[in-house]
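# Notes for the structure review
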Amino acid sequence: MSAPPLPGPRGPLSAGLISLLGGEAGPRLSGAPLPDVADPIRDDDLQLALYSAYELHYRSFAGVDPELEWDPALLAFRRELERVFEAALREAVPAAPLAADEVGEHLFRLADEDDGPSLSRVLELRGTLDQLRELVIHRSAYQLKEADPHTWAIPRLDGPPKAALVEVQADEYGSGRPERMHSALFAQTMRALGLDDSYGAHVDRLPGSTLATVNLITLCGLHRRLRGALVGHLAMFEITSPQPNRRYGSALRRLGFGAEATDFYDEHVVADSVHENVAAYDLAQGLAIADPGLASEVAWGARALLHVEGIWAEALIGAWEEGRSSLLPAREDSAAAAALAA
(Lines give C-alpha, C1' and ligand atoms only; values in the text may rest on other atoms or scores of the structure.)
Protein backbone atom coordinates (compact mmCIF):
# COMPACT_ATOMS: atom_id res chain seq x y z
CA MET A 1 0.00 0.00 0.00
CA SER A 2 1.88 3.05 -1.25
CA ALA A 3 1.52 6.52 0.23
CA PRO A 4 0.74 9.50 -2.02
CA PRO A 5 3.10 12.44 -2.51
CA LEU A 6 2.68 15.55 -0.42
CA PRO A 7 0.31 18.10 -1.96
CA GLY A 8 1.43 21.58 -2.89
CA PRO A 9 0.67 24.34 -0.34
CA ARG A 10 -2.09 26.89 -0.91
CA GLY A 11 -1.29 29.47 1.74
CA PRO A 12 0.49 29.99 5.07
CA LEU A 13 -1.45 27.35 7.00
CA SER A 14 -0.84 24.49 4.57
CA ALA A 15 2.68 25.74 3.74
CA GLY A 16 3.86 25.49 7.35
CA LEU A 17 2.41 22.03 7.81
CA ILE A 18 3.63 20.65 4.48
CA SER A 19 7.12 22.02 5.14
CA LEU A 20 7.18 20.16 8.45
CA LEU A 21 5.92 16.94 6.86
CA GLY A 22 8.51 17.23 4.11
CA GLY A 23 11.34 17.64 6.60
CA GLU A 24 12.14 21.15 5.39
CA ALA A 25 13.29 24.02 7.55
CA GLY A 26 10.47 26.49 8.03
CA PRO A 27 8.39 28.29 10.63
CA ARG A 28 7.48 26.17 13.62
CA LEU A 29 3.85 25.20 13.91
CA SER A 30 2.03 26.93 16.71
CA GLY A 31 -1.00 25.99 18.74
CA ALA A 32 -1.90 29.67 19.04
CA PRO A 33 -5.27 30.85 17.66
CA LEU A 34 -5.26 31.11 13.88
CA PRO A 35 -5.68 34.37 12.00
CA ASP A 36 -9.27 35.09 11.00
CA VAL A 37 -10.48 32.96 8.11
CA ALA A 38 -13.44 34.52 6.33
CA ASP A 39 -15.10 31.28 5.18
CA PRO A 40 -13.49 28.23 6.82
CA ILE A 41 -15.71 25.67 5.08
CA ARG A 42 -14.66 26.85 1.62
CA ASP A 43 -11.13 28.04 2.43
CA ASP A 44 -8.58 26.22 0.26
CA ASP A 45 -5.65 26.80 2.62
CA LEU A 46 -7.34 25.79 5.87
CA GLN A 47 -9.08 22.74 4.43
CA LEU A 48 -5.90 21.47 2.76
CA ALA A 49 -3.93 21.93 5.99
CA LEU A 50 -6.58 20.03 7.95
CA TYR A 51 -6.85 17.30 5.31
CA SER A 52 -3.07 16.87 5.30
CA ALA A 53 -2.92 16.64 9.09
CA TYR A 54 -5.72 14.06 9.09
CA GLU A 55 -4.09 11.95 6.40
CA LEU A 56 -1.33 11.04 8.87
CA HIS A 57 -3.96 8.79 10.49
CA TYR A 58 -4.75 7.05 7.21
CA ARG A 59 -1.98 6.36 4.64
CA SER A 60 0.14 9.43 5.37
CA PHE A 61 2.41 10.73 2.60
CA ALA A 62 5.53 9.39 0.93
CA GLY A 63 8.68 10.12 2.91
CA VAL A 64 6.93 11.51 6.00
CA ASP A 65 8.36 10.44 9.37
CA PRO A 66 5.75 8.14 11.02
CA GLU A 67 6.52 9.78 14.38
CA LEU A 68 4.85 12.97 13.16
CA GLU A 69 1.43 11.36 13.48
CA TRP A 70 1.56 12.11 17.21
CA ASP A 71 3.86 15.14 17.20
CA PRO A 72 2.56 17.47 19.97
CA ALA A 73 3.10 20.68 18.00
CA LEU A 74 1.39 19.27 14.93
CA LEU A 75 -1.57 18.05 17.01
CA ALA A 76 -1.89 21.47 18.67
CA PHE A 77 -1.91 23.11 15.26
CA ARG A 78 -4.47 20.62 13.97
CA ARG A 79 -6.66 21.32 16.99
CA GLU A 80 -6.77 25.00 16.07
CA LEU A 81 -7.73 24.14 12.50
CA GLU A 82 -10.47 21.88 13.86
CA ARG A 83 -11.68 24.56 16.26
CA VAL A 84 -12.18 27.05 13.44
CA PHE A 85 -13.81 24.48 11.14
CA GLU A 86 -16.18 23.13 13.80
CA ALA A 87 -17.14 26.63 14.95
CA ALA A 88 -18.12 27.51 11.37
CA LEU A 89 -20.20 24.33 11.12
CA ARG A 90 -21.88 24.95 14.48
CA GLU A 91 -22.75 28.50 13.46
CA ALA A 92 -24.20 27.37 10.14
CA VAL A 93 -26.00 24.35 11.60
CA PRO A 94 -26.95 24.89 15.27
CA ALA A 95 -27.79 21.79 17.30
CA ALA A 96 -31.40 21.45 18.50
CA PRO A 97 -33.04 19.24 21.16
CA LEU A 98 -34.48 15.97 19.91
CA ALA A 99 -36.20 13.06 21.65
CA ALA A 100 -34.28 9.80 21.34
CA ASP A 101 -37.25 7.82 19.99
CA GLU A 102 -37.78 10.38 17.19
CA VAL A 103 -34.28 10.18 15.71
CA GLY A 104 -34.97 7.74 12.87
CA GLU A 105 -38.06 9.55 11.63
CA HIS A 106 -36.28 12.89 12.02
CA LEU A 107 -33.38 11.78 9.81
CA PHE A 108 -35.68 10.71 6.99
CA ARG A 109 -37.60 13.99 7.31
CA LEU A 110 -34.36 15.98 7.08
CA ALA A 111 -33.48 14.15 3.87
CA ASP A 112 -36.95 14.75 2.39
CA GLU A 113 -36.89 18.46 3.28
CA ASP A 114 -33.35 19.13 2.05
CA ASP A 115 -33.51 21.80 -0.62
CA GLY A 116 -29.85 21.71 -1.66
CA PRO A 117 -28.99 21.63 -5.36
CA SER A 118 -29.41 18.22 -7.01
CA LEU A 119 -26.06 17.58 -8.63
CA SER A 120 -27.07 14.04 -9.53
CA ARG A 121 -30.15 15.29 -11.40
CA VAL A 122 -28.05 17.77 -13.39
CA LEU A 123 -25.60 15.04 -14.39
CA GLU A 124 -28.30 12.50 -15.19
CA LEU A 125 -30.08 14.84 -17.58
CA ARG A 126 -27.28 16.76 -19.25
CA GLY A 127 -23.92 15.92 -17.71
CA THR A 128 -20.99 15.71 -20.12
CA LEU A 129 -18.19 13.18 -19.94
CA ASP A 130 -15.82 15.87 -18.65
CA GLN A 131 -18.28 16.74 -15.88
CA LEU A 132 -18.73 13.09 -14.88
CA ARG A 133 -14.96 12.73 -14.74
CA GLU A 134 -14.74 15.83 -12.56
CA LEU A 135 -17.38 14.41 -10.22
CA VAL A 136 -15.35 11.23 -9.83
CA ILE A 137 -12.15 13.19 -9.18
CA HIS A 138 -13.90 15.24 -6.47
CA ARG A 139 -15.26 12.12 -4.80
CA SER A 140 -11.95 10.24 -4.94
CA ALA A 141 -10.70 11.89 -1.75
CA TYR A 142 -13.33 9.96 0.20
CA GLN A 143 -14.36 7.04 -1.98
CA LEU A 144 -10.85 5.59 -2.26
CA LYS A 145 -10.96 5.18 1.52
CA GLU A 146 -14.70 4.62 1.72
CA ALA A 147 -15.94 3.45 5.12
CA ASP A 148 -12.63 4.01 6.93
CA PRO A 149 -13.57 7.33 8.62
CA HIS A 150 -16.89 5.93 9.89
CA THR A 151 -15.16 2.82 11.22
CA TRP A 152 -13.62 4.97 13.97
CA ALA A 153 -17.06 4.70 15.66
CA ILE A 154 -16.92 0.93 16.17
CA PRO A 155 -14.81 0.87 19.38
CA ARG A 156 -16.87 3.78 20.76
CA LEU A 157 -20.22 2.00 20.61
CA ASP A 158 -21.66 -1.00 22.41
CA GLY A 159 -24.52 -3.46 22.11
CA PRO A 160 -27.11 -3.25 19.30
CA PRO A 161 -25.82 0.05 17.81
CA LYS A 162 -22.35 -1.45 17.51
CA ALA A 163 -23.75 -4.58 15.85
CA ALA A 164 -25.73 -2.42 13.40
CA LEU A 165 -22.66 -0.39 12.50
CA VAL A 166 -20.58 -3.51 11.91
CA GLU A 167 -23.36 -4.88 9.68
CA VAL A 168 -23.23 -1.77 7.50
CA GLN A 169 -19.45 -1.58 7.46
CA ALA A 170 -19.05 -5.25 6.56
CA ASP A 171 -20.92 -4.59 3.32
CA GLU A 172 -18.81 -1.47 2.68
CA TYR A 173 -15.72 -3.66 2.89
CA GLY A 174 -17.07 -6.22 0.43
CA SER A 175 -18.33 -8.83 2.93
CA GLY A 176 -14.98 -10.60 2.81
CA ARG A 177 -14.43 -10.17 -0.95
CA PRO A 178 -11.68 -7.59 -1.48
CA GLU A 179 -12.64 -7.01 -5.11
CA ARG A 180 -16.13 -5.95 -3.91
CA MET A 181 -14.89 -3.41 -1.39
CA HIS A 182 -16.58 -0.15 -2.27
CA SER A 183 -13.22 1.60 -2.47
CA ALA A 184 -12.08 -1.02 -4.99
CA LEU A 185 -15.26 -0.60 -7.04
CA PHE A 186 -14.70 3.15 -7.12
CA ALA A 187 -11.12 2.68 -8.30
CA GLN A 188 -12.55 0.49 -11.07
CA THR A 189 -14.88 3.33 -12.08
CA MET A 190 -11.93 5.72 -12.21
CA ARG A 191 -10.00 3.41 -14.50
CA ALA A 192 -13.04 2.98 -16.76
CA LEU A 193 -13.18 6.76 -17.13
CA GLY A 194 -9.48 6.96 -17.95
CA LEU A 195 -8.51 8.48 -14.59
CA ASP A 196 -5.57 7.79 -12.30
CA ASP A 197 -7.00 5.67 -9.47
CA SER A 198 -3.97 6.06 -7.18
CA TYR A 199 -4.86 7.06 -3.65
CA GLY A 200 -4.38 10.82 -3.21
CA ALA A 201 -3.49 11.42 -6.86
CA HIS A 202 -5.96 14.29 -7.29
CA VAL A 203 -5.75 16.17 -3.99
CA ASP A 204 -3.98 19.14 -5.57
CA ARG A 205 -7.02 19.75 -7.77
CA LEU A 206 -9.66 19.58 -5.02
CA PRO A 207 -10.96 22.91 -3.71
CA GLY A 208 -11.58 23.56 -0.03
CA SER A 209 -15.32 22.89 -0.33
CA THR A 210 -14.55 19.36 -1.53
CA LEU A 211 -11.95 18.67 1.14
CA ALA A 212 -14.42 19.92 3.76
CA THR A 213 -16.80 17.05 2.92
CA VAL A 214 -14.04 14.59 3.80
CA ASN A 215 -12.66 16.54 6.75
CA LEU A 216 -16.08 16.60 8.40
CA ILE A 217 -16.14 12.80 8.60
CA THR A 218 -12.62 12.57 10.00
CA LEU A 219 -13.28 15.37 12.49
CA CYS A 220 -16.21 13.40 13.88
CA GLY A 221 -14.34 10.10 13.62
CA LEU A 222 -11.24 11.10 15.56
CA HIS A 223 -13.07 12.64 18.52
CA ARG A 224 -15.03 10.41 20.86
CA ARG A 225 -17.15 13.38 21.95
CA LEU A 226 -18.45 13.55 18.36
CA ARG A 227 -19.41 9.87 18.08
CA GLY A 228 -23.09 10.81 17.93
CA ALA A 229 -22.41 13.20 15.06
CA LEU A 230 -20.39 10.52 13.26
CA VAL A 231 -23.29 8.08 13.52
CA GLY A 232 -25.73 10.74 12.31
CA HIS A 233 -23.44 11.52 9.39
CA LEU A 234 -23.29 7.86 8.37
CA ALA A 235 -27.05 7.43 8.69
CA MET A 236 -27.71 10.45 6.46
CA PHE A 237 -25.02 9.25 4.06
CA GLU A 238 -26.93 5.98 3.66
CA ILE A 239 -30.38 7.60 3.47
CA THR A 240 -29.35 10.01 0.73
CA SER A 241 -27.30 7.52 -1.29
CA PRO A 242 -29.64 5.34 -3.42
CA GLN A 243 -31.29 8.01 -5.59
CA PRO A 244 -28.13 10.00 -6.50
CA ASN A 245 -26.20 6.83 -7.23
CA ARG A 246 -29.01 5.58 -9.47
CA ARG A 247 -28.78 8.87 -11.38
CA TYR A 248 -24.99 8.75 -11.68
CA GLY A 249 -25.24 5.24 -13.07
CA SER A 250 -27.88 6.40 -15.55
CA ALA A 251 -25.67 9.31 -16.63
CA LEU A 252 -22.77 6.96 -17.33
CA ARG A 253 -24.97 4.58 -19.30
CA ARG A 254 -26.35 7.51 -21.30
CA LEU A 255 -22.74 8.30 -22.27
CA GLY A 256 -22.15 4.72 -23.41
CA PHE A 257 -20.36 3.22 -20.41
CA GLY A 258 -20.99 -0.31 -19.18
CA ALA A 259 -20.75 -2.27 -15.96
CA GLU A 260 -17.08 -1.54 -15.33
CA ALA A 261 -17.95 2.13 -14.83
CA THR A 262 -21.42 1.75 -13.29
CA ASP A 263 -20.81 -1.17 -10.90
CA PHE A 264 -19.89 1.14 -8.02
CA TYR A 265 -23.09 3.16 -8.38
CA ASP A 266 -25.33 0.16 -9.00
CA GLU A 267 -23.94 -1.53 -5.89
CA HIS A 268 -24.84 1.50 -3.77
CA VAL A 269 -28.39 1.62 -5.10
CA VAL A 270 -28.93 -1.93 -3.84
CA ALA A 271 -26.83 -1.92 -0.67
CA ASP A 272 -27.81 1.49 0.66
CA SER A 273 -31.52 0.82 0.13
CA VAL A 274 -31.04 -1.82 2.84
CA HIS A 275 -28.53 0.15 4.89
CA GLU A 276 -30.68 3.27 5.23
CA ASN A 277 -33.13 1.72 7.70
CA VAL A 278 -30.43 -0.15 9.61
CA ALA A 279 -28.42 3.06 9.91
CA ALA A 280 -31.34 5.32 10.80
CA TYR A 281 -33.16 3.12 13.29
CA ASP A 282 -30.89 0.32 14.56
CA LEU A 283 -27.74 2.45 14.63
CA ALA A 284 -28.66 6.14 15.02
CA GLN A 285 -31.89 5.83 16.98
CA GLY A 286 -30.52 2.86 18.87
CA LEU A 287 -27.53 4.92 20.00
CA ALA A 288 -29.78 7.81 21.04
CA ILE A 289 -32.02 5.52 23.09
CA ALA A 290 -28.98 3.97 24.76
CA ASP A 291 -27.53 7.43 25.44
CA PRO A 292 -30.27 10.10 25.16
CA GLY A 293 -27.73 12.89 25.57
CA LEU A 294 -26.43 12.07 22.09
CA ALA A 295 -29.75 12.47 20.23
CA SER A 296 -29.22 16.11 19.25
CA GLU A 297 -25.63 15.38 18.18
CA VAL A 298 -26.82 12.55 15.94
CA ALA A 299 -29.15 15.00 14.22
CA TRP A 300 -26.41 17.62 14.05
CA GLY A 301 -24.05 15.24 12.27
CA ALA A 302 -26.74 14.50 9.69
CA ARG A 303 -27.50 18.19 9.14
CA ALA A 304 -23.80 19.07 8.94
CA LEU A 305 -23.41 16.53 6.14
CA LEU A 306 -26.32 18.05 4.21
CA HIS A 307 -24.82 21.52 4.70
CA VAL A 308 -21.32 20.75 3.41
CA GLU A 309 -22.67 18.60 0.59
CA GLY A 310 -24.91 21.48 -0.47
CA ILE A 311 -21.95 23.88 -0.56
CA TRP A 312 -19.95 21.34 -2.57
CA ALA A 313 -22.72 20.66 -5.10
CA GLU A 314 -23.38 24.38 -5.51
CA ALA A 315 -19.70 24.96 -6.31
CA LEU A 316 -19.68 22.29 -9.04
CA ILE A 317 -22.93 23.36 -10.65
CA GLY A 318 -21.92 27.04 -10.50
CA ALA A 319 -18.61 26.34 -12.22
CA TRP A 320 -20.25 24.32 -14.99
CA GLU A 321 -22.93 26.95 -15.58
CA GLU A 322 -20.10 29.45 -16.09
CA GLY A 323 -18.45 27.14 -18.60
CA ARG A 324 -15.37 26.38 -16.49
CA SER A 325 -13.89 23.43 -14.63
CA SER A 326 -14.93 22.84 -11.02
CA LEU A 327 -11.40 21.65 -10.25
CA LEU A 328 -8.36 23.71 -9.32
CA PRO A 329 -5.66 24.02 -12.00
CA ALA A 330 -3.10 21.24 -12.04
CA ARG A 331 -0.11 22.11 -9.89
CA GLU A 332 2.23 22.62 -12.85
CA ASP A 333 -0.38 24.87 -14.52
CA SER A 334 -0.77 27.05 -11.45
CA ALA A 335 3.00 27.28 -10.99
CA ALA A 336 3.42 28.36 -14.60
CA ALA A 337 0.70 30.98 -14.26
CA ALA A 338 2.33 32.35 -11.11
CA ALA A 339 5.70 32.59 -12.88
CA LEU A 340 4.15 34.49 -15.79
CA ALA A 341 2.39 36.87 -13.42
CA ALA A 342 5.67 37.58 -11.62
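Now for a look at the structure at hand. Because the structure is predicted, anything quoted here is derived from the model rather than measured.

Each value, and the rule that gives it
Residues numbered from 1 in each chain as written. Predicted model: local features only at pLDDT ≥ 70, side-chain atom pairs only at ≥ 80, totals over all residues. Heavy atoms only, no water. Core = buried A, V, L, I, M, F, W, Y, C linked by side-chain atoms within 4.5 Å. Buried < 20%, exposed > 50% of the residue type's maximum accessible area, 1.4 Å probe, protein only. Helix = DSSP H or I, 4+ residues; strand = E, 2+ residues; numbered from the N terminus. Contact = heavy atoms within 4.5 Å. Phe/Tyr/Trp six-rings, centres within 6.5 Å; stacked < 30°, edge-to-face > 60°. Lys NZ or Arg CZ within 6 Å of the ring centre and 35° of its normal.

One finds Leu-21, Phe-85, Leu-107 and Leu-119 to be the most contacted residues of the largest nonpolar core, which totals 108 residues. In terms of residue count, helix 14 (residues 295–321) provides more of this core than any other element does, 15 residues in total. Ignoring any residue separated from it by four or fewer positions in sequence, one finds Phe-85 in contact with Ile-41, Leu-46, Gln-47, Leu-50, Ala-212, Asn-215, Leu-216 and Leu-219.

The next thing to look at is the packing of aromatic side chains. All told, the structure shown has six aromatic pairs when counted by the stated rule. Ring centres of Phe-108 and Tyr-281 lie 5.9 Å apart, and the angle between their planes is 25°; this geometry places the pair in the stacked category. On the criterion of sequence distance, the pair formed by Phe-108 in helix 4 (residues 103–113) and Tyr-281 in helix 13 (residues 259–290) is long-range, its members being 173 residues apart. Of the residues examined, Tyr-281 reaches a relative accessible area of 34% and is grouped as partly exposed. Through successive ring pairs, a cluster of aromatic residues spans Phe-186, Tyr-248, Phe-264 and Tyr-265. Positioned above the aromatic ring of Trp-312 is the side chain of Arg-139, whose terminal nitrogen or guanidinium carbon lies 3.8 Å from the ring centre. The ring of Tyr-58 carries the charged tip of Lys-145 above its face, separated from the ring centre by 4.7 Å.

Treat this as a map of the structure, not an account of what it does.
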